[in-house]
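# Breakdown of the fold
In case you want the letters, here they are:
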Amino acid sequence: MRNREAVGLLALTPSIRRCTVAALGVLTLAGCAALTPERNAPPVELYDLAVAANLPDARYWGDDIDERSRVLIEREVRGGMLRAWDHAGRPAEGLDIALLALSGGGPDGAFGAGLLSGWTERGDRPAFHLVTGISVGALIAPFAFVGPDYDRALRTMFTELDTRDVAERQFVRAMFGALGLARTDPLRRQIERFVDDDFLQRIAEGRREGRMLLVGTTNLDAQRGVIWDMGKIAEAGELELFRDVLLASASIPGAFPPVGIEVEAEGRRYTEFHVDGGVATSVFVGPTRAADALPRDLPFPIQRRLFVIMNNSLVVPYRPVENRLREIVARSISGLIRAQADGDLIRMYVAANLAGADFRLTFVPLGFDAPAESAFDRQYMTALFETAREIGRGEIPWWERPPALIGRQRLERVVTRRPDAATGR
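Just so it is clear, the model here is predicted, and its values are computed rather than measured. (Residues numbered from 1 in each chain as written. Predicted model: local features only at pLDDT ≥ 70, side-chain atom pairs only at ≥ 80, totals over all residues. Heavy atoms only, no water.)

## Concerning the overall build of the chain
- When helices and strands are tallied, the chain shows 14 helices and 12 strands.
- Here the chain holds 425 residues, and 56% of them are scored as buried.
- Here the chain has roughly 18,200 Å² of accessible surface; of this, 52% comes from carbon and sulfur atoms. (Helix = DSSP H or I, 4+ residues; strand = E, 2+ residues; numbered from the N terminus. Buried < 20%, exposed > 50% of the residue type's maximum accessible area, 1.4 Å probe, protein only. Areas by Shrake-Rupley, 256 points an atom, 1.4 Å probe, with all protein chains shown as cover.)

Okay, structure coming up:
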């Protein structure tokens, strides 16, 4: 993670997530509540029962599986597998299932978007059975789910937009109680531009084929990750909820205000606060212990492949830190978040092994270091998009183990020298 990302107020990165939370804490000490909207949050005895848009099975906690969630997930996965098998013509050899997980990373989301576009050009990009996304990965995930027809939209998002298309600064309002250092009205307008009724129907069609699209947010009241079944939301025609979840997953607390999501519990209406899914996890494939809920008795064999695209560099070069407070804080937080990502990837690797899935990981190459003048610098994102596109058109360097299980010295040696195989063995 580059230092630029750790200090830019509007960069959608894990580092800024922590920095802006601290900044907002300082500002609110001096401010007042004049601009703070009123809301009715679910009480503690009901928060676990709250339902959004009258869809009780459209979401579940990301940090555990209770019995209800286990039954729900097993039913959804089983039904999806059977529909996918029917859609494929019930082949005797079974199904080759491709799963895709997209991490956060702010402007570095251009990496995932470019890689997918190049992969399409190479001609062997799979139709993903499951796509998951966090933060900027949540903004990419629906287009990856629908397929190559929307590669043009991904190119537009990461080569034609810039900071002004994402946020409007409101530092003064924040000092007087506003819930973010910036307004997300521009980002909401971009989501509305790309995610319309026709697009929602494409998502619903994918679910009817047996595929799943999951997006993660963080319930700020509960401080727990929430996984949303976006295909089920699309099938119900809940366009505004679909858009709200995407916006919430990319809303860095402190930098951006939380997204209020209307829910109901025991006949009463409440408003939950949801923020960036990366607060809970940097990348995911399902809830904790998801492997416990996988069906074991399907009438056909399954080969699973899990592809993980990290929209960050997991290897950073040595560089002496400057004698400046913000640089020291930024570098420290950057290291902390990278260690968190290591843990998330290890959990995914273990889950993949338990599910019998092949694990594949790729990330922003170490050698990429284009200059950027702003948080969402168009030239920077275009350069990263095109770099990733070229990688996708060639031999994508998939790692078979996460960095923490490889070792820093070997990882750095392999990444910088481009070995004959990036297996991580």
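## With respect to the nonpolar core
- By size, the foremost hydrophobic cluster in this structure holds 77 residues, and its most contacted members are Leu 100, Leu 116, Val 131, Phe 158, Trp 228, Met 230 and Phe 242.
- Among the elements that take part in this core, helix H5 (residues 136-146) stands out by supplying nine residues, more than any other.
- Ignoring any residue separated from it by four or fewer positions in sequence, one finds Leu 100 in contact with Leu 116, Phe 128, Leu 130, Val 131, Thr 132, Ala 144, Phe 307 and Ile 309.
- With 42 residues, the next largest nonpolar core counts Trp 85, Ala 101, Phe 363 and Trp 399 among its residues. (Core = buried A, V, L, I, M, F, W, Y, C linked by side-chain atoms within 4.5 Å. Contact = heavy atoms within 4.5 Å.)

## Some thoughts on the environment of Ala 370
- As for its position among the elements, Ala 370 is in the loop between strand S12 (357-363) and helix H13 (378-393).
- When the C-alpha positions of Ala 370 and Met 381 are compared, they lie 8.9 Å apart, and in sequence the two are 11 residues distant.
- The residues touching Ala 370, leaving out its near neighbours within four places in the chain, are Tyr 380 and Ala 383.

## Side note on unusual backbone geometry
- The phi dihedral of Asn 54 is positive, around 55°, even though this residue is not glycine.
- Relative to the elements of secondary structure, Asn 54 occurs in the loop between strand S1 (51-52) and strand S2 (59-61).
- Residues other than glycine seldom take positive phi values, yet Arg 90 does so here, at roughly 50°.

## Considering empty space enclosed by the protein
- This structure, assessed with the given rule, holds two cavities of 30 Å³ or more.
- Lining the largest cavity are 18 residues, and of these Leu 139, Met 157, Leu 161, Val 166 and Leu 187 lie nearest its centre.
- At the level of secondary structure, the elements contributing two or more residues to the lining of the largest cavity comprise H5, helix H6 (151-159) and helix H8 (185-194).
- Ranked by residues supplied to the lining of the largest cavity, first place goes to H8 with four residues.
- A per-class count over the lining of the largest cavity returns 15 nonpolar, one polar and two charged. (1 Å grid on protein atoms, 1.4 Å probe; cavity = no way out; pocket = protein on both sides within 12 Å on 5 of 7 lines; lining within 4 Å. Points joined across faces, edges and corners; volume = space filled by probe spheres on them. Nonpolar A, V, L, I, M, F, W, Y, C, P; charged D, E, K, R; others polar.)

## Topic: the layout of surface pockets
- Estimates place the volume of the largest pocket at around 830 Å³.
- Considering the residues around the largest pocket, the lining is formed by 43 residues, among which Val 285, Gly 286, Pro 287, Thr 288 and Ala 290 are closest to the centre.
- If one sorts the elements of the lining of the largest pocket by residue count, helix H12 (residues 325-354) sits on top with seven residues.
- Split into classes, the residues belonging to the lining of the largest pocket amount to 28 nonpolar, nine polar and six charged.

## Digging into the pattern of salt bridges
- In total, this model carries 34 salt bridges according to the counting rule given.
- Of the charged contacts, one joins Glu 74 and Arg 70 as a salt bridge, the two residues approaching to 2.9 Å between their closest N and O atoms. One end of the pair, Glu 74, and the other, Arg 70, are both in helix H3 (residues 67-87), four residues apart, so they sit about a helical turn from each other.
- Accessibility expressed as a relative area gives 25% for Arg 70, which makes it partly exposed.
- Close ionic contact of Glu 240 with Arg 243 constitutes a salt bridge, the shortest N to O distance being 2.9 Å. Highlighted residues: Glu 240 and Arg 243, both in helix H11 (residues 239-249), separated by three residues, approximately one helical turn.
- Through salt bridges that share partners, Asp 57, Arg 68, Arg 75, Glu 76, Arg 207, Arg 208, Asp 229, Lys 232 and Glu 235 make up one connected network. (Salt bridge = Lys/Arg side-chain N within 4 Å of Asp/Glu carboxyl O.)

## Let's talk about H6
- When you tally the buried positions in H6, you get seven out of nine residues, the bulk of the element.
- Within the sequence span of H6, burial applies to Asp 151, Ala 153, Leu 154, Thr 156, Met 157, Phe 158 and Thr 159.
- Among the structural elements, helix H4 (109-122), H5, H8 and H13 are those in contact with the buried residues of H6.

## Some thoughts on the packing of H5 against helix H9 (residues 197-208)
- One way to put it is that H5 packs onto H9 with a least axis distance of 9 Å and a crossing angle of 65°. For the element pair H5 and H9, the recorded crossing hand is left-handed. Between H5 and H9, the residues in contact are Pro 142, Phe 143, Phe 145 and Val 146 and Phe 199, Arg 202, Ile 203, Gly 206 and Arg 207, respectively.
- Residue composition of the contact of H5 with H9, by class: six nonpolar, one polar and two charged. (Axes fitted to C-alpha atoms, helices over the stretch in contact; angles between N-to-C directions. Left-handed = near helix turned anticlockwise from the far one by under 90°.)

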